[in-house]
Amino acid sequence: MKKITLLLLGVCVAVCASAQVQVKIHEEAENQPVIPAEIYGQFAEHLGRCIYDGIWVGPDSDIPNINGYRKDLIEALQVLKVPVLRWPGGCFADEYHWMDGIGPKENRPMMINNNWGGTVEDNSFGTHEFFNLCELLDCEPYLSGNVGSGTVEELAKWVEYITAEGGTMAEMRAANGRKEPWSLKYLGVGNESWGCGGNMRPEFYSDLYRRYATYCRNFDGNILYKVASGASDYDYNWTKVLMDRIGNQMHGVSLHYYTVTGWTGPKGPALGFDTDSYYDIVAKAVEVEEVIENHKAIMNAYDPEGRVDLLLDEWGTWFDVEPGTNPGHLYQQNTMRDAMVAAMSLNIFHRHTDRLKMANIAQIVNVLQAMILTKGDEIVLTPTYHVFRMYNVHQDATYVPTEVNAGNIVSPSGRIMPDLSVTASKDAEGKLHVSIVNPVVDKEQTLTLSFDDLNPKNVTGEVLAAETVQSYNDFGKEPAVAPEAFTAFKKNGKTLTVTVPAASIVSLAF
Ligand code: AHR
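A quick note: this is a predicted structure, and the numbers were derived from the prediction, not measured.

S.K.: What's the story with the site of the ligand in this structure? I'm lost.
M.R.: Not every one of the 14 residues close to the ligand is listed here, only the nearest: E45, C91, E192, Y258 and E314. Backbone polar atom of C91 to an oxygen atom of the ligand: 2.8 Å apart, as the coordinates give it. Separating an oxygen atom of the ligand from a side-chain N or O atom of Q363 is a distance of 3.0 Å. Summarising the interface, the protein chains cover 94% of the accessible area of the ligand, which totals 280 Å² for the free molecule. Of the residues in the shell around the ligand, the class split is seven nonpolar, four polar and three charged.

S.K.: Just to check I follow, could you spell out the pairing of strand β21 (residues 432-438) for this structure?
M.R.: Look at any regular strand and the pattern is simple: side chains alternate between the two faces of the sheet. With seven of seven residues buried, β21 is to be regarded as a mostly interior element. Residue alternation in β21 divides its side chains into two sets, L432, V434, I436 and N438 and H433, S435 and V437, and both sets are buried. Counted between consecutive antiparallel strands, the loop separating strand β20 (residues 421-426) from β21 contains five residues, among which G430 sits at a positive phi close to 85°. Note: β21 against strand β27 (residues 504-509), six bridges, orientation antiparallel.

S.K.: So what exactly am I meant to see when it comes to the sheet that holds β27 here?
M.R.: Working definition: the strands of a sheet are paired by backbone hydrogen bonds and lie parallel or antiparallel to each other. As summarised here, the arrangement of the six strands in space is β16-β20-β21-β27-β23-β24, forming an open sheet in which the pairing is antiparallel. Here the strands that pair on one side only, and so sit at the sheet edges, are β16 (398-400) and β24 (484-485). Inspection of the sheet shows strand β23 (residues 460-464) paired to β24 by two bridges, in the antiparallel sense. Residue V463 lies in a different strand from β24, and its bridge partner there is E484.

S.K.: Can you help me understand the domain arrangement of the protein in this one?
M.R.: Put simply, an interface is often sized by how much accessible area is lost when its parts join up. Segmenting the protein into domains produces domain 1 (13-31 + 401-509) and domain 2 (37-400). Residue-level contacts link 49 residues of domain 1 with 45 residues of domain 2. The junction of domain 1 with domain 2 conceals about 3800 Å² of combined surface from both sides, 66% of it contributed by carbon and sulfur atoms. On the domain 1 side of the contact with domain 2, R415, V469 and F475 bury the most area, a combined 19% of that side's loss. Connecting domain 1 to domain 2 are two salt bridges. Linking E287 and R415 is a salt bridge whose minimum nitrogen-to-oxygen distance equals 2.6 Å. Viewed at the interface, domain 2 and domain 1 are joined by 21 residue pairs in polar contact (both at pLDDT 80 or more). When contributions to the side of domain 1 that touches domain 2 are tallied by element, the ones reaching two or more residues are β19 (416-418), β20, β21, β23 and β27. Counting residues per element, the side of domain 1 that touches domain 2 draws most heavily on β20, which supplies six residues. A per-class count over the side of domain 1 that touches domain 2 returns 26 nonpolar, 17 polar and six charged.

S.K.: Mind showing me how you'd approach a nonpolar patch on the surface here?
M.R.: Where nonpolar side chains cluster on the molecular surface, the patch consists of M110, I112 and V120 and spans about 320 Å² of accessible area. You can see M110 is positioned in the loop between β5 (84-87) and β6 (111-113).

S.K.: I keep staring at the environment of L73 and nothing clicks. Help me out?
M.R.: Looking at the secondary structure, you find L73 in helix α2 (residues 71-80). Residue class for L73 comes out buried when judged on its relative accessible area of 0%. With 18 residues separating them along the chain, L73 and I55 place their C-alpha atoms 6.9 Å apart. Setting aside chain neighbours within four positions, we find L73 in contact with G54, I55, V365, I372 and I379.

S.K.: Which parts of the structure should I look at to understand the pattern of salt bridges?
M.R.: Pairing between side chains of opposite charge can happen when the charged atoms of each approach one another. One pass over the structure, following the stated rule, counts 17 salt bridges. Residue R49 is joined to D53 by a salt bridge in which the shortest nitrogen-to-oxygen separation is 3.6 Å. Ionic pairing is found between K105 and E129, a salt bridge with its closest N-O pair at 3.0 Å. Taken together, the residues span a long stretch of sequence, with K105 in the loop between β5 and β6 and E129 in helix α3 (residues 127-137) at a distance of 24 residues. Judged by relative accessible area, which is 34%, K105 ranks as partly exposed.

Rules used in this analysis
- Residues numbered from 1 in each chain as written.
- Predicted model: local features only at pLDDT ≥ 70, side-chain atom pairs only at ≥ 80, totals over all residues.
- Heavy atoms only, no water.
- Near = heavy atom within 4 Å.
- Polar contact = N/O pair within 3.5 Å; in protein donor to acceptor, adjacent residues only side chain to side chain.
- Areas by Shrake-Rupley, 256 points an atom, 1.4 Å probe, with all protein chains shown as cover.
- Nonpolar A, V, L, I, M, F, W, Y, C, P; charged D, E, K, R; others polar.
- Buried < 20%, exposed > 50% of the residue type's maximum accessible area, 1.4 Å probe, protein only.
- Helix = DSSP H or I, 4+ residues; strand = E, 2+ residues; numbered from the N terminus.
- Pairing = 2+ DSSP bridges.
- Domains from an automatic or database assignment.
- Contact = heavy atoms within 4.5 Å.
- Buried area = accessible area lost by both parts, 1.4 Å probe.
- Salt bridge = Lys/Arg side-chain N within 4 Å of Asp/Glu carboxyl O.
- Patch = residues over 30% accessible without salt bridge, like charges linked within 9 Å, V, L, I, M, F, W, Y side chains within 5 Å.

Okay, here's the thing in structure tokens:
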């Protein structure tokens, strides 16, 4: 009975909101924050076919490559403008011993990837391969250090190996082919230390963090930005204890939030879901806003000056693996529903950059909510990839506040989500970009955009939509989801009327 009432309410609200929607864009608002490019961060773990097959095929592969990196992937990622890449995990990071991944490949030891399917890892992708990849992508490296099963000395020496100009570690690096140090800003001190990273209590982890942070040094002008391993989802006590005990010793604290309907039992398929499940997933994704707000409130209480940043360094959808694939490899397809999750989430992140300084979607290729899927020498750009490409105009742009009189949708499981989401920013050239998400599956929405001062001329648009929210891009087929030029807008004096198709994402540039 309750479910029926909620469903009716959801439908009613969506219908009621289908009238003209007023959107005010305050492009002249002053003192607005810059949206850090790092909100568009990525994550690559030694998990399934993310690193091997996805990124690295080796220089001798028949698959076209640039010194071992897939050429098609590199070219697609260069278009995305990846600002930061987190590596080597994830859970893998706390079992990773970096010295196994340097030097001649034939001498590198094998290990079992205990977290992810028991796959044998040959360490052929290690520190040099990662840092060279970051140079190729022109992105900031973000290392996750091994706290769970490693030692303070091991992590301290890794930092020295990467960043010092002289000394034994630097000589070792030079002998392995890299004379110049790399620069390293982001250093994660452990990952999910409450779980796969050591099953610690926050009090114990805080003490351990102090030790690691003490010995991970700044060498030769390289300044580390140290990130404490933060909470998952609704674990507010973890953030509280860390802020209390090590708030003055960390630059950032992480947070993980996955769009998943439950950790035990089936998570639901990535493909072939019904409309109820569509709304449940998108509504679960937007619940991240409440989670961010609650962690921020704790941080504000301990750190009103905003010295410590919040980094959502894992987020995205998590469904059942594709049938027939290794359950430990987390390979899932990606539909228009994932695109909605990505766009609605990014719109939320833009609103919280006073504290939220980075977000890393999990993961970059072949794992969870990936940008790219690969099969042999084929590559597929997912609907999520297209959102990240359409949205990269917001990187390092100044946030522009918007006012929207949107309605609400109540999902079948009782979660509430907006039936429209809008974000805007102004780039360095003064160009205004407005991104609009209409998550309603069966209703286009007509919006009237008004501005502080702008007379909307020279408007260009792009839209990401598909036949259904279940649509996805598959190997050997024409893409079912790809951005197209958008022209369904009309100038009315100083306002712009925009007709946003059902279940679509529209980007406008002024
Ligand atoms: O992204 C997959 C896994 O999810 C990561 O390894 C871990 O940190 C999280 O639980």
